[in-house]
Amino acid sequence: MKTAALGERMTGKVSDFGPLFEYTVKLVFLTSFLELVLYRLVSRLGMHLSKMAADHPWITPTFTALTEVGTWLLNIVAVLLFLALTLTLINQWGRPNTSRFSKLGAVGTALLLLLTMVFLVVQPGMLGAIVYNGLTLLVLTMFVSEYVMTHREPAQRVLAVTYYLGVSGWLYYQIVSTTYSLMDAITAPPLVYESHRVGEALMVLASFFVFVAYGKSKSLSLRTKNRRQRNRAMWFWSTAGIIFSSLLVTDYVLDLYNPALASTIRQASQGIGWIFQFGMGYTFYLPFAVYVGGLLCWSYTVVKLLMIGRLAGYGIGLMFISGYALLFSNLTLMVVLGVMLLALDRVKPTAAESVPASAGSVMPESDGLLPGQA
């Protein structure tokens, strides 16, 4: 019992912050995922299948209806994001021993919400876009800095830094390009193309680090002494390796034996890349297998964390559901909310640390036997 009491317990569950916060975060996650599928991806897929609409009359009304539902979900996501960010700010500010990074990030998030409401009435223009993206970069810097300071595991720190650098590549691309356009500069902005490409690669790499930081378990470890778990881990990793390797060499092998089929598959992959480019900002310039592997690592980890109600699951989910190209304010706010939820998920101090040293042992010491006691 004493050993169990001294063990580390996880905090940061979504149910720890009250039912209003819990159900708001869950609704934001659900509606954001549906908006991604029905609006940003399916609507682009309908545009890609426009040539087939002449032969299949059901395509146009079906995808039109799905797009309408996605547009409706987009408005719901925006309202829920405002509510979720407000509740998260209250919980963030009300915690004991709130750090300076957390306070500065909370103030910046409040300003982002205010600017978003102002820009709904007044067109932001180029200057407004520069201010908005610059403030977003500062807010993310504050929350990622707090996360790195409060989370000691190297894998979690690498995940946070990699994701931050990936998003920063997009924000730098937007800020510098818009600044040069505002100044009517003729010269090309420095390193905007390189930052965009590197940022996308880092985002994909971060999806792998998600599994390393939060998805690993003893059931998938090759070091375990349990024979059943070791066999399960060997089966899982060998299957994953075969699928990943086959995706890498499929194009080369098909090009040797069946060039026509290889060309068809390339066109299909280009169509998938086109959909993701306009829906989430990924250009698919890396090998297709890398994106598939990152998606599998991310989805496995998010589902695992959601099953136990961890805030990190909702945070990581929102961070990647928003995509790479933050073209709309709701996607930017989604990233900020995801990073805030990830920062709220942390480990409680052990029971041994919470008990002062002067308190002594758990059981009071005996004063010895009184005279006359046997």
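Remember, it's a predicted structure, so these values are computed and weren't measured experimentally.

Colleague: Just checking my understanding: could you explain helix α11 (residues 311-321) for this structure?
Modeller: Note on helix geometry: an α-helix contains 3.6 residues per turn, so any two residues three or four positions apart are oriented the same way. α11 sits mainly inside the fold: 11 of its 11 residues count as buried. For α11, the complete set of buried residues consists of Leu311, Ala312, Gly313, Tyr314, Gly315, Ile316, Gly317, Leu318, Met319, Phe320 and Ile321. Following α11 by one or two positions, Gly323 has its phi on the positive side, about 85 degrees.

Colleague: Could you clarify how one ought to interpret the packing of helix α7 (residues 192-215) against α11 in this entry?
Modeller: The description of two packed helices rests on the angle between their axes and on the distance between the axes. Close contact between α7 and α11 brings their axes to 12 Å; oriented N to C, the two are set at 170 degrees. As the angle between them shows, α7 and α11 are arranged roughly antiparallel. Along the contact surface, α7 presents Met203, Ala206, Ser207, Val210 and Tyr214, while α11 presents Ala312, Ile316 and Phe320.

Colleague: How should unusual backbone geometry be read in this particular structure?
Modeller: Most peptide bonds take the trans form, and the phi angle of most residues other than glycine is negative. Phi at Asp184 is positive, roughly 55 degrees, even though this residue is not glycine. With respect to the helices, strands and loops of the structure, Asp184 is situated in the loop between α6 (154-182) and α7.

Colleague: Even after reading the chapter, I still don't get empty space enclosed by the protein, so can you show me in this structure?
Modeller: Once rolled over the atoms, a probe with the size of a water molecule shows which space is left empty. Counting across every chain of the model gives 1 cavity of 30 Å³ or more. Reported here for the largest cavity is a volume of approximately 60 Å³. In terms of lining, the largest cavity is formed by Phe143, Val144, Tyr147, Ala160, Tyr163, Met319, Val339 and Leu342. Mapped by element, the contributors of at least two residues to the lining of the largest cavity are α5 (125-150), α6 and α12 (329-344). When its residues are assigned to classes, the lining of the largest cavity shows 8 nonpolar, no polar and no charged.

Colleague: Looking at this structure, how should I read the environment of Thr162?
Modeller: Within the element layout of this structure, Thr162 appears in helix α6. When the C-alpha atoms of Thr162 and Ala206 are compared, they prove to be 5.7 Å apart, with 44 residues separating the residues in sequence. A polar contact is formed between the side chain of Thr162 and the backbone oxygen of Val158, at a distance of 2.6 Å.

Colleague: Would you take a moment to explain the pattern of salt bridges for this structure?
Modeller: Pairs can form between side chains of opposite charge once their charged atoms are near each other. Enumeration according to the criterion identifies 3 salt bridges in this entry. A salt bridge links Arg310 to Asp345, with the nearest nitrogen and oxygen atoms 2.7 Å apart. With Arg310 in the loop between α10 (288-307) and α11 and Asp345 in the loop between α12 and α13 (351-354), the pair connects residues that are 35 residues apart, well separated along the chain. Asp345 carries the same exposure label as Arg310, and that label is buried.

Colleague: What is the right way to look at a nonpolar patch on the surface in this model?
Modeller: A surface patch of nonpolar side chains, amounting to about 900 Å² of accessible area, comprises Trp93, Val107, Leu111, Leu114, Met117, Val118, Leu120, Val121 and Val122. Among the elements that take part in the nonpolar patch, helix α4 (residues 100-121) stands out by supplying 7 residues, more than any other. Topologically, Leu114 is positioned in helix α4. A relative accessible area of 46% means that Leu114 is categorised as partly exposed.

Colleague: Explain the packing of aromatic side chains to me, please; I cannot follow it from the model alone.
Modeller: Within a pair of aromatic rings, the relevant descriptors are the distance that separates the centres and the angle that separates the planes. All told, the structure shown has 11 aromatic pairs when counted by the stated rule. Ring geometry for Phe284 and Tyr291: centres 4.2 Å apart, planes at 0 degrees, overall stacked. Here the two residues Phe284 and Tyr291 agree in accessibility, since each one is buried. Between Trp298 and Phe320, the aromatic rings sit 6.5 Å apart at their centres with planes inclined by 55 degrees, giving tilted as the arrangement. Taken together, the residues span a long stretch of sequence, with Trp298 in helix α10 and Phe320 in helix α11 at a distance of 22 residues. Take Trp298: its relative accessible area is 14%, and that puts it in the buried class. In this structure an aromatic cluster arises from ring pairing among Trp170, Tyr173, Tyr282, Phe284, Tyr291 and Tyr324. When the ring centre of Tyr285 is taken as reference, the NZ or CZ atom of Arg197 above it lies at 3.8 Å.

About the cut-offs
- Residues numbered from 1 in each chain as written.
- Predicted model: local features only at pLDDT ≥ 70, side-chain atom pairs only at ≥ 80, totals over all residues.
- Heavy atoms only, no water.
- Buried < 20%, exposed > 50% of the residue type's maximum accessible area, 1.4 Å probe, protein only.
- Helix = DSSP H or I, 4+ residues; strand = E, 2+ residues; numbered from the N terminus.
- Axes fitted to C-alpha atoms, helices over the stretch in contact; angles between N-to-C directions.
- Parallel < 35°, antiparallel > 145°, perpendicular 65-115°, else oblique.
- Contact = heavy atoms within 4.5 Å.
- 1 Å grid on protein atoms, 1.4 Å probe; cavity = no way out; pocket = protein on both sides within 12 Å on 5 of 7 lines; lining within 4 Å.
- Points joined across faces, edges and corners; volume = space filled by probe spheres on them.
- Nonpolar A, V, L, I, M, F, W, Y, C, P; charged D, E, K, R; others polar.
- Polar contact = N/O pair within 3.5 Å; in protein donor to acceptor, adjacent residues only side chain to side chain.
- Salt bridge = Lys/Arg side-chain N within 4 Å of Asp/Glu carboxyl O.
- Patch = residues over 30% accessible without salt bridge, like charges linked within 9 Å, V, L, I, M, F, W, Y side chains within 5 Å.
- Areas by Shrake-Rupley, 256 points an atom, 1.4 Å probe, with all protein chains shown as cover.
- Phe/Tyr/Trp six-rings, centres within 6.5 Å; stacked < 30°, edge-to-face > 60°.
- Lys NZ or Arg CZ within 6 Å of the ring centre and 35° of its normal.

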